[in-house]
Amino acid sequence: MTARATLYTSLPPRLARQIGDTEVGPSYLAECVNSWKRAGFAVVSLNCAREMRQLEPLGYDVVFQEVAADRPQLGDFLRAIRASGKPVAGIINADVILPNHPALLDAVMDHAQGGLVVAERMNIDPLRLRLTWQTCHGFDAFIFRTEPLSRMDPACELSFGEPWWDYWFPLAYLATGARLMTTSVPLIFHLDHAQKWRSAQWIASGNKVVNYTLESAGRLPGDVVAQTRKHAGSAAVSESALVEFSYWCFAWLRGIAELNRISPPDAAPVSTLVALIDNPEVCQLIGKLNEAQAMVVNSKEFGAKALLEGLYDELGDPGVSAGRDRVLAALCREIQNMSLIVQSGKVSSGEDALRAVTEGTRILTSRRANLMHFLALNAAWLHRQFVTVTKALKRRAG
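Now for a quick tour of the structure. Bear in mind that the values here come from a model prediction, so they are computed numbers and not experimental data.

Calculation notes
Residues numbered from 1 in each chain as written. Predicted model: local features only at pLDDT ≥ 70, side-chain atom pairs only at ≥ 80, totals over all residues. Heavy atoms only, no water. Helix = DSSP H or I, 4+ residues; strand = E, 2+ residues; numbered from the N terminus. Buried < 20%, exposed > 50% of the residue type's maximum accessible area, 1.4 Å probe, protein only. Contact = heavy atoms within 4.5 Å. Areas by Shrake-Rupley, 256 points an atom, 1.4 Å probe, with all protein chains shown as cover. Expected span 1.5 Å × (residues − 1). Pairing = 2+ DSSP bridges. Salt bridge = Lys/Arg side-chain N within 4 Å of Asp/Glu carboxyl O. Axes fitted to C-alpha atoms, helices over the stretch in contact; angles between N-to-C directions. Parallel < 35°, antiparallel > 145°, perpendicular 65-115°, else oblique. Nonpolar A, V, L, I, M, F, W, Y, C, P; charged D, E, K, R; others polar. Core = buried A, V, L, I, M, F, W, Y, C linked by side-chain atoms within 4.5 Å. Phe/Tyr/Trp six-rings, centres within 6.5 Å; stacked < 30°, edge-to-face > 60°. Left-handed = near helix turned anticlockwise from the far one by under 90°.

This paragraph deals with the overall build of the chain. In terms of helices and strands, the chain carries 14 helices and 13 strands. Residues classed as buried in the chain amount to 50% of the 398 residues present. Across the chain, contacts joining residues at least 24 apart in sequence account for 74% of those joining residues at least 6 apart. Of the roughly 18600 Å² that the chain leaves accessible, carbon and sulfur atoms contribute 53%.

Attention now moves to helix H6 (residues 199-215). In this model, H6 (17 residues) spans 24 Å end to end at C-alpha, consistent with the 24 Å of a helix rising 1.5 Å per residue. Residues of H6 that are buried include every one of Trp202, Ser205, Gly206, Asn207, Val209, Val210, Tyr212 and Thr213, and no others. Against helix H5 (165-174), helix H7 (222-231) and helix H8 (239-256) lie the buried residues of H6.

Our focus in this paragraph is the pairing of strand S9 (residues 121-124). Here S9 shows two buried faces, one formed by Arg121 and Asn123 and the other by Met122 and Ile124. Note that S9 and strand S12 (residues 188-191) share 4 bridges and pair parallel. Its bridge partner lying in S12, isoleucine 124 is registered against leucine 191.

Following the criterion strictly, the structure yields 11 salt bridges and no others. Between lysine 37 and aspartate 61 there is a salt bridge, with its nearest N and O atoms 3.9 Å apart. Placement of lysine 37 in helix H1 (residues 25-38) and of aspartate 61 in the loop between helix H2 (49-55) and strand S5 (63-66) is noted, with a sequence separation of 24 residues between them. A residue is classified by how much of its surface remains accessible, and aspartate 61, at 42% relative accessible area, is partly exposed. Where lysine 208 meets glutamate 162, a salt bridge forms, and the shortest distance between an N and an O atom there is 3.9 Å. Of this pair, lysine 208 sits in helix H6 while glutamate 162 sits in the loop between strand S10 (141-145) and H5, and the two are 46 residues apart along the sequence. In the salt-bridge network here, residues are joined through shared partners; they are Arg145, Glu147 and Arg151.

Here we take up the packing of H5 against H6. At a closest axis distance of 10 Å, the pairing of H5 and H6 adopts a crossing angle of 10°. Considering their axes alone, H5 and H6 lie roughly parallel with respect to each other. Touching Trp168, Leu171 and Ala172 of H5 are Val209, Tyr212 and Thr213, all from H6. Here the contact of H5 with H6 is composed, by residue class, of 5 nonpolar, 1 polar and no charged.

For the rest of this paragraph, the subject is the nonpolar core. Core analysis: the biggest nonpolar cluster contains 50 residues, and Phe144, Trp168, Phe169 and Leu171 have the highest contact counts within it. Excluding anything up to four places from it in sequence, phenylalanine 169 contacts Leu78, Ile91, Leu116, Phe142, Phe144 and Met152. In this structure, Trp36, Val88, Ile92 and Leu187 belong to the second largest nonpolar core, which totals 40 residues.

Under the criterion given, the structure shown has 16 aromatic pairs. Here tryptophan 164 and tryptophan 202 contribute two aromatic rings whose centre-to-centre distance is 5.3 Å and whose plane-to-plane angle is 50°, an arrangement assigned as tilted. Linking tryptophan 164 in the loop between S10 and H5 with tryptophan 202 in helix H6, this pair joins segments that are 38 residues apart in sequence. Tryptophan 202 carries the same exposure label as tryptophan 164, and that label is buried. Between phenylalanine 245 and tryptophan 248, the ring centres sit 6.3 Å apart and the planes meet at 20°, which makes this aromatic pair stacked. Residue phenylalanine 245 and its partner tryptophan 248 are both found in helix H8; the two are separated by 3 residues, about one turn of the helix. Look at phenylalanine 245 and you get buried, because its relative accessible area is 1%.

For the pair H6 and H7, the least separation of the axes is 9 Å and the interaxial angle reads 130°. The angle between H6 and H7 places the two elements in the oblique class. Note that H6 runs across H7; the crossing there is left-handed. For the pair H6 and H7, contact is made by Val210, Thr213 and Leu214 and by Val224, Val225, Thr228 and Arg229, respectively. Per-class residue counts for the contact of H6 with H7 are 4 nonpolar, 2 polar and 1 charged.

Quick look at the structure:
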């Protein structure tokens with residue numbers, strides 16, 4: 001199968017991430033890479049020879065490309081992407097999850113034919129595995145038309161992953177005369193963690209971006225140059241001035257990016273789903289669903305059909321035969337989909353269905369829960385069951 005495009009990153013030899021008292025760094029990083037592959041992307045990791053020797057035995061499903069510096073420079077990314085000759089590519093931070101949502105990704109790829117699509121991450125609390133709603137004031141992924149890279153200077157002194165790189169890249173892309181865009185739904189997810197930037201590094205990187213912006217006067221919009229001059233009162237901008245400028249620059253980049261509203265057919269956008277989670281009525285429905293799931297898992301003496309009927313009784317009016325049949329069919333399809341995620345096989349018996357639901361529940365409640373399972377199971381289950389419950393309640397009200 002042809003890849004959608006190639007995502008370029010730089011995998012770290014060691015990633016420290018915790019879920020409670022358990023370190024999940026390597027497994028989490030592998031899941032990030034696997035999520036990109038499942039979504040249909042090829043992956044290239046730029047690393048120095050020393051890092052490649054450390055990374056290659058770990059079995060990440062990527063192609064390694066050697067660079068000279070200890071950390072790849074943004075110029076290394078520009079040169080590698082140019083050399084590929086592909087019309088669309090992406091740059092992504094190594095520690096973010098990309099949901100496999102074909103309709104959404106098709107829309108993003110279509111928009112990327114005309115410019116640069118910027119993506120902000122949605123942070124997930126590592127203990128509760130729920131969205132924190134905290135912003136990092138930055139961008140973690142870019143998918144873009146590669147032709148404008150031929151007009152960008154590869155001599156950028158910023159390293160990939162260093163503070164401010166995610167401001168420099170869209171500014172430099174914009175300076176070529178190309179378009180910036182963003183999506184109306186979340187595209188990437190991230191296990192939240194404490195930031196580890198050193199103040200001196202953050203200040204040095206910020207000054208590099210300030211200098212680049214001033215040198216690009218005439219190619220960048222006048223307001224960003226004017227704001228840079230306002231904050232850059234001397235050769236070396238102070239930390240307090242940089243903090244103020246960074247907030248302004250982030251908001252400006254978000255504001256100037258054209259919003260492409262994406263609403264995949266026959267499915268609510270992820271943003272709608274996320275908004276529903278905070279709705280009190282939906283929280284009550286989720287509680288009922290959790291109770292129903294527990295009944296399914298604990299009722300091992302019944303067959304699959306009886307289990308599904310019991311779940312339907314929790315969700316709607318069992319007296320409506322036609323509606324009952326539709327809901328049972330929908331639940332069967334959901335368990336079939338779940339089985340492909342949790343056990344890589346199809347349901348062929350009541351025992352298979354029970355195993356799929358049991359394993360899905362275990363994953364959802366485990367402190368070591370796999371984040372891809374969190375996204376696939378929580379989002380798919382919640383959306384489909386919310387639709388089911390809403391229809392059942394409307395029938396009862398009628």
